[in-house]
Each structure stands twice: as structure tokens, then as C-alpha cells.
Amino acid sequence: MLPLLLASSSVYRRELLSRLHLPFTCSSPDIDESHAANESATDLVKRLAEQKARALAASHPGHLIIGSDQVAALEGRIIGKPHTFENAREQLLAASGKRVSFLTGLALLNSETGHCQVDCIPFTVHMRELDAARIERYLRIEQPYDCAGSFKAEGLGVSLFQSTEGPDATSLVGLPLIRLVDMLLSEGVQIP
């Protein structure tokens, strides 16, 4: 098996990938993650996932490189990482009682052959009705300022959800393992 490289510095993605019991290393790609004009959320996450994998190909020849990127969308509008308490509060107030779509782009690049598999895995969250006090308590405890849409689903963020729907719950955290296993199997990786 070619060595496996996760093109990410995300502790959440690292924890998810470790579930597969495969040896891997991590390296953070340096790419521009700007949203191009008229680019759909699906096209954006697929492009960024592939760019992250390709950014490390030259420095990691003979590797299987995993790239992933995620955005949240509310009423067709992309909502990114809030970075601040105020932005997070606004995002959560806007999402109260609504559906939020999470789109996770996934790429697996074989840097030896140049073959790259790319996909987008959708996941929908139906939000509870949230009042300002509940949102503030959540933000003070969880501080999800580096999470798309201010949702830290692997933590207390799950308490904000009424229900969820999608093909792979791990996509909500940022690395869709079911689809990744399909990609790895097609590259000859034995799991388990």
C-alpha cells in the first residue's frame, strides 16, 4: 500500500481517519480557499478538496493523499467559519428552526499515477428553535469559531439539532469515511 497522507491540520479529520486503523501522516496544504464568483457550494468544496491534495503531491511522491473541505449553506447562501463570538451568534440566530446543508468535498489523489477521485457528500441538519440565551450558553461552552456555520457536531453542537439526514454522518464532522473507504478500496487498500 502507498503511504497515506491527510492534507489537513484539522484534529477532527485526524480523529476520524484514525478510525480506519490505517497508518497515515498529516501535512497542511497552503492554498487559497477563496470562493470564486458564481461558483456553487458543491463546486467549491470539490475544487478545494482536490487542490489541497494536489498541493502536496510534489513534496509527497508515491502517496495516497486525502483532501477534504466543507461548507455550510443556509437558504442557498454559503456560511463559513465564524471566527468570532458575534459572527457565530448571528449565524446561529439565522439558522434557528431552519435546515442547514453541509457539503463536504473529498478527494483522493494517487501522487504516483496522478489518478484523482473527487466527490461531494451532502448532509442536512434540521435546527431546533434557538433563543439568544441558549445560543450564548452554547458559544461560551463550545467556542466553535473554527467550525463551518458555528456547529461543532462532535461536541455540544448536536444539542442544537432537531434531526439530521444524509448518507454518512462522518461527513458532518468533515471527512466522509464511507465514501473515503470506497476510494481507498479502488486504490487497492485493504480495509480492514
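Residues numbered from 1 in each chain as written. Predicted model: local features only at pLDDT ≥ 70, side-chain atom pairs only at ≥ 80, totals over all residues. Heavy atoms only, no water.

As recorded in an unreviewed UniProt entry, the chain goes by the name 7-methyl-GTP pyrophosphatase, listed as coming from Pseudomonas extremaustralis. Quoted straight from UniProt, the Subcellular location (unreviewed entry) entry for the chain says "Cytoplasm". For the record of the chain, the UniProt heading Sequence similarities (unreviewed entry) holds the text "Belongs to the Maf family. YceF subfamily." (UniProt positions renumbered as here; feature names shortened; annotations may be inferred.)

**Description of the UniProt feature "site: Important for substrate specificity" (unreviewed entry) in the chain**
According to UniProt, the feature "site: Important for substrate specificity" (unreviewed entry) maps to Y12, Q70 and E154 in the numbering used here. In contact with Y12, other than residues within four places in its own chain, are D146, C147, K152, E154 and V173. Here E154 shows up in the loop between helix 4 (132–142) and strand 7 (161–165). Not counting chain neighbours up to four residues away, the residues in contact with E154 comprise Y12 and V173. (Contact = heavy atoms within 4.5 Å. Helix = DSSP H or I, 4+ residues; strand = E, 2+ residues; numbered from the N terminus.)

**Quick notes on helix 1 (residues 11–18)**
Turning to helix 1, its buried residues are Y12, R13, L16 and L17. End-on view of helix 1: buried residues confined to an arc of 130 degrees, all on one side of the axis. Where helix 1 starts, the residue carrying a side-chain oxygen 3.2 Å from the main-chain nitrogen of Y12 turns out to be S10. (Buried < 20%, exposed > 50% of the residue type's maximum accessible area, 1.4 Å probe, protein only. Arc of directions from axis to C-beta. Polar contact = N/O pair within 3.5 Å; in protein donor to acceptor, adjacent residues only side chain to side chain.)

**Quick notes on the packing of helix 3 (residues 85–95) against helix 4**
Interhelical geometry of helix 3 versus helix 4 gives an angle of 135 degrees and a closest axis separation of 10 Å. Between helix 3 and helix 4, the angle falls in the class oblique. Helix-helix and strand crossings are classified by hand; for helix 3 and helix 4 the assignment is right-handed. On helix 4, the residues that touch F85, A88, R89, L92 and L93 of helix 3 are I135, E136, Y138, L139 and R140. Among the residues forming the contact of helix 3 with helix 4, the class breakdown is seven nonpolar, no polar and three charged. (Axes fitted to C-alpha atoms, helices over the stretch in contact; angles between N-to-C directions. Parallel < 35°, antiparallel > 145°, perpendicular 65-115°, else oblique. Left-handed = near helix turned anticlockwise from the far one by under 90°. Nonpolar A, V, L, I, M, F, W, Y, C, P; charged D, E, K, R; others polar.)

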